[in-house]
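If you want the building blocks of each chain, they are given just below.
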Amino acid sequence: MSAAIINGKQISEEIRNSLRNEVEQLKGQGLTPGLAVILVGEDPASGVYVRNKEKACHDLGFYSEVHRLSADTTEQELLALVDKLNHQQDIHGILVQLPLPPHIHEKSVIDAISVHKDVDGFHPINVGNLVIGDDSLLPCTPAGVIELIKRAGVEMSGKHAVVIGRSNIVGKPVSLLLQRENATVTMCHSRTNNMKEITKQADILVVAIGRANFVDASFVKPGAVVIDVGMNRLDNGKLAGDVDFESVKEVSGPITPVPGGVGPMTITMLMQNTVVAAKRLHQQR
Ligand code: GUN
């Protein structure tokens, strides 16, 4: 029997509907959440992401600014813009689209974003707060993964969660968030020996290794929840996840498709983070 599909597009729409209502209420109290996005250079994929963020802001009633800078922008010029936005009262979230051109030091730019406006959750202080379990702005894709698991009605407490991938953007933070939900977490990565022996013990399997169709049915315990964070562009132009959906769905429990699973959640969680940041900054004023 084929598994239930976790519909990220629909769940994302539900969250956006409630955010839209919340923004309308906040506006009534004189607070319009504001997001600034900075894009340096002409990377086509980044261009698409930035346009989608701009559209989401418009759709939810946010104030938004998009700063499109040429590829030869200096690090100093970029840092000066970040500093200006850090002090701008109508901006509550700042996102610098990555990757940056090679002559700009990504870490210097991330470190320069105000911790309170770091809606990507990439600033080392927000990462540190995540590790120790303090309040912080959470990285969007990992937060989206947890939200999908919750909204699929899956209890995480006491379960064995296995994460494949150890990136700073997904693997590491999603492992911490699963632990926060009281799951027992094992991390696997490209150098793990006998990976299938480990993944076959997972009640919840989160895959973020960045290799198309890497996980097939032989990795998966019958009935396990499978969350696919992969987004790999194939030679034929199609998008493929890290999970071979067709074979895995025949053995797994609830599973996310690609596209239409984790993908739509990332921008939705960015919007949610911006509302959270706006409310916190507003209270401090
Ligand atoms: N580029 C690809 N994904 C992301 C993301 O989540 N945040 C930023 N800032 N850049 C990205």
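Residues numbered from 1 in each chain as written. Predicted model: local features only at pLDDT ≥ 70, side-chain atom pairs only at ≥ 80, totals over all residues. Heavy atoms only, no water.

Taking an unreviewed UniProt entry as the reference, the protein is identified by name as Bifunctional protein FolD belonging to Paenibacillus turicensis. For the protein, the Sequence similarities (unreviewed entry) comment in UniProt is given as "Belongs to the tetrahydrofolate dehydrogenase/cyclohydrolase family." The annotation that UniProt attaches to the protein under Pathway (unreviewed entry) is "One-carbon metabolism; tetrahydrofolate interconversion." (UniProt positions renumbered as here; feature names shortened; annotations may be inferred.)

A.B. asks: How do you make sense of the UniProt feature "domain: Tetrahydrofolate dehydrogenase/cyclohydrolase NAD(P)-binding" (unreviewed entry) in the protein when you look at a structure like this?
C.D. replies: Mapped onto the present numbering, the UniProt feature "domain: Tetrahydrofolate dehydrogenase/cyclohydrolase NAD(P)-binding" (unreviewed entry) falls on residues 139-280. For residues 139-280, the end-to-end C-alpha separation is 17 Å, with 35% helix and 15% strand making up the annotated structure. (Helix = DSSP H or I, 4+ residues; strand = E, 2+ residues; numbered from the N terminus.)

A.B. asks: How do you make sense of the pairing of strand β1 (residues 34-40) when you look at a structure like this?
C.D. replies: Consecutive side chains along a regular strand alternate between the two faces of the sheet. Of all seven residues in β1, seven are buried, a share of seventy percent or more. With burial as the criterion, each face of β1 is covered, one bearing Gly-34, Ala-36, Ile-38 and Val-40 and the other bearing Leu-35, Val-37 and Leu-39. Strand direction decides the pairing type here: β1 and strand β2 (residues 63-69), joined by seven bridges, are parallel. Directly across from Leu-39, in β2, lies its bridge partner Arg-68. For the segment spanning β1, helix α2 (residues 44-60) and β2, crossover handedness is right-handed. (Buried < 20%, exposed > 50% of the residue type's maximum accessible area, 1.4 Å probe, protein only. Pairing = 2+ DSSP bridges. Right-handed = clockwise from strand over helix to strand, strands pointing away.)

A.B. asks: Explain the site of the ligand to me, please; I cannot follow it from the model alone.
C.D. replies: Around the ligand, the neighbouring residues are Leu-95, Val-96, Gln-97, Leu-98, Asp-120 and Phe-122. Within the side chain of Gln-97, one N or O atom sits 3.2 Å away from a nitrogen atom of the ligand. Note that a nitrogen atom of the ligand is positioned 2.9 Å from one of the backbone N or O atoms of Leu-98. Against a free-state accessible area of 280 Å², the protein chains account for coverage of 78% of the ligand. Class assignment of the residues belonging to the shell around the ligand gives a composition of four nonpolar, one polar and one charged. (Near = heavy atom within 4 Å. Polar contact = N/O pair within 3.5 Å; in protein donor to acceptor, adjacent residues only side chain to side chain. Areas by Shrake-Rupley, 256 points an atom, 1.4 Å probe, with all protein chains shown as cover. Nonpolar A, V, L, I, M, F, W, Y, C, P; charged D, E, K, R; others polar.)

A.B. asks: Can you help me understand a nonpolar patch on the surface in this one?
C.D. replies: Together, Val-127, Val-131 and Ile-132 make up a nonpolar patch on the protein surface, roughly 270 Å² of accessible area in all. Tracing the sequence through the fold places Val-131 in helix α5 (residues 124-132). Here Val-131 falls in the exposed class, since its relative accessible area comes to 52%. (Patch = residues over 30% accessible without salt bridge, like charges linked within 9 Å, V, L, I, M, F, W, Y side chains within 5 Å. Salt bridge = Lys/Arg side-chain N within 4 Å of Asp/Glu carboxyl O.)

A.B. asks: Explain the sheet that holds β2 here, please?
C.D. replies: Sheet strands associate in pairs through backbone hydrogen bonding, adopting either a parallel or an antiparallel arrangement. Across the sheet, which stays open at both edges, the three strands sit in the order β2-β1-β3 with parallel pairing between neighbours. The open sheet terminates on both sides in strands that have one partner only, identified here as β2 and β3 (93-96). Each strand axis lies, on average, 15° off the axis of its neighbour in the sheet, ignoring direction. Here four bridges tie β1 to β3, and the two strands are oriented parallel to one another. Bridging across to β3, Val-37 finds its partner in Leu-95. Packed onto the sheet, α2 meets β1, β2 and β3 and runs at close to 160° relative to β2. (Axes fitted to C-alpha atoms, helices over the stretch in contact; angles between N-to-C directions. Contact = heavy atoms within 4.5 Å.)

A.B. asks: Is there a simple way to think about the packing of aromatic side chains in this case?
C.D. replies: In this description, a pair of aromatic rings is defined by centroid distance and the angle of the planes. Taken as a whole and judged by the stated rule, the model has one aromatic pair. When the centroid spacing of 5.5 Å and the interplanar angle of 55° are considered together, the rings of Phe-214 and Phe-219 count as tilted. On the basis of relative accessibility, which here comes to 8%, the residue Phe-219 falls in the buried class. (Phe/Tyr/Trp six-rings, centres within 6.5 Å; stacked < 30°, edge-to-face > 60°.)

A.B. asks: What am I meant to see in the packing of helix α1 (residues 8-28) against α2 here?
C.D. replies: The geometry of a pair of packed helices is captured by two quantities: the angle between their axes and the separation between those axes. At a closest axis distance of 9 Å, the pairing of α1 and α2 adopts a crossing angle of 55°. What the angle tells us is that α1 and α2 run oblique. Across from Arg-16, Leu-19, Arg-20 and Val-23 in α1, the residues of α2 making contact are Ala-56, Asp-59 and Leu-60. Counted by class, the contact of α1 with α2 contains four nonpolar, no polar and three charged residues. (Parallel < 35°, antiparallel > 145°, perpendicular 65-115°, else oblique.)

A.B. asks: It is not clear to me how helix α3 (residues 75-87) should be interpreted in this structure. Could you clarify?
C.D. replies: Since the α-helix turns once every 3.6 residues, residues separated by three or four places project in the same direction. Here α3 is 13 residues long and its end C-alpha atoms lie 19 Å apart, about the 18 Å a rise of 1.5 Å per residue gives. Each element contacted by the buried residues of α3 is listed here: β1, β2, β3 and α4 (106-112). (Expected span 1.5 Å × (residues − 1).)

A.B. asks: Hey, could you run me through the sheet that holds strand β7 (residues 225-228) in this one?
C.D. replies: Strand order in the open sheet formed by four strands is β5-β4-β6-β7, with parallel pairing between adjacent strands. Unpaired on one side and paired on the other, β5 (184-188) and β7 mark the two borders of the sheet. With strand direction ignored, the average angle separating the axes of adjacent strands in the sheet is 15°. The strands touched by helix α7 (residues 171-180) are β4 (160-164), β5 and β6 (204-207); relative to β5, the strand with the most contacts, the crossing angle is about 165°.

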